[in-house]
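Remarks on the overall topology
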Amino acid sequence: MGKEPIKCALWGMLVGNIESMGILPALQGGEAVARCLDETGGDVLQKLAQIDGENNYEITEKNGFKYVILKHCPFAAIYKDIPAWGDKAMHLVEAYNKKSDGGGALHPLCLVHKGIRNAMKAGIISIGCRSESSGKIETAENALAKAQISREEALAMIEGKACLFAIKIEA
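The rules we used
- Residues numbered from 1 in each chain as written.
- Predicted model: local features only at pLDDT ≥ 70, side-chain atom pairs only at ≥ 80, totals over all residues.
- Heavy atoms only, no water.
- Helix = DSSP H or I, 4+ residues; strand = E, 2+ residues; numbered from the N terminus.
- 1 Å grid on protein atoms, 1.4 Å probe; cavity = no way out; pocket = protein on both sides within 12 Å on 5 of 7 lines; lining within 4 Å.
- Points joined across faces, edges and corners; volume = space filled by probe spheres on them.
- Nonpolar A, V, L, I, M, F, W, Y, C, P; charged D, E, K, R; others polar.
- Pairing = 2+ DSSP bridges.
- Salt bridge = Lys/Arg side-chain N within 4 Å of Asp/Glu carboxyl O.
- Buried < 20%, exposed > 50% of the residue type's maximum accessible area, 1.4 Å probe, protein only.

**Details of the environment of L24**
Considering the arrangement of structural elements, one finds L24 in helix α2 (residues 24–38). As for L24 and K121, which are separated by 97 residues in sequence, their C-alpha atoms are 18 Å apart.

Pasting the structure below:
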């Protein structure tokens, strides 16, 4: 059976651009998606739900934040039948995770997802991701401090889920 052309095209553009230009194309791709969502009206979670999926959020409020947990990765369907991300792209994701303003990414589509959230201009703090297939979790250390949550609390929230981010509750 052949490859799905749309999945392969997306994978190819993302990997090709990241390997040539670094992580910026993934983050900029997320910004472009956010512009499309911004036109729809509603609050930030309503806008993001168009990508993340309706009824895909669990929300906990404490410490002056909304902690938003995605039950499932909205990009999971694309991972079936695409090539591996490639060593160079994955090394760039690893380097991003070591940056003081980075972290919490497992693969290039995590960077696209973070780009979407950052571009929403809602003060979203991307805390971490969990691979549904391997169970591996990656957290952003600076984000944990900003969101006033310990790594252990974040791991407990994301265990068995896909993604965690926080939004400061306006007083």
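Additional details are given in the paragraphs that follow.
**Let's talk about the layout of surface pockets**
By volume, the largest pocket amounts to about 450 Å³. Around the largest pocket sit 24 residues that line it, and Y79, H107, S131, E132 and S133 are the ones nearest its centre. Counting only elements with at least two residues in the lining of the largest pocket, the list comes to α5 (108–119) and β3 (125–130). Along the lines of polarity and charge, the residues of the lining of the largest pocket split into 15 nonpolar, five polar and four charged. Roughly 280 Å³ of internal volume is contained in the second largest pocket. Breaking the lining of the second largest pocket down by element, the ones donating at least two residues are α5, β3 and α6 (141–146). When residues of the lining of the second largest pocket are assigned to their parent elements, the largest contribution, three residues, is made by α6. Partitioning the lining of the second largest pocket into residue classes produces five nonpolar, six polar and four charged.

**Focus on the pairing of strand β1 (residues 57–62)**
The pairing of β1 with strand β2 (residues 65–70) spans six bridges and is classified as antiparallel. When the sheet's bridge partners are listed, E58 is paired in β2 with I69. Hairpin connection between β1 and β2: a loop of two residues separates the two successive antiparallel strands, and N63 in this loop has a positive phi of roughly 55 degrees.

**Describing the pattern of salt bridges**
Applying the stated criterion to the full structure yields five salt bridges. E153 serves as the salt-bridge partner of K62, at 3.2 Å between the closest nitrogen and oxygen. With a gap of 91 residues between them, K62 in strand β1 and E153 in helix α7 (residues 151–158) connect regions that are remote in the sequence. The exposure class of K62 is partly exposed, given its relative accessible area of 31%. The partner of K99 in a salt bridge is D101, with the nearest N and O atoms 3.8 Å apart. When its relative accessible area of 41% is taken as the criterion, K99 is described as partly exposed.

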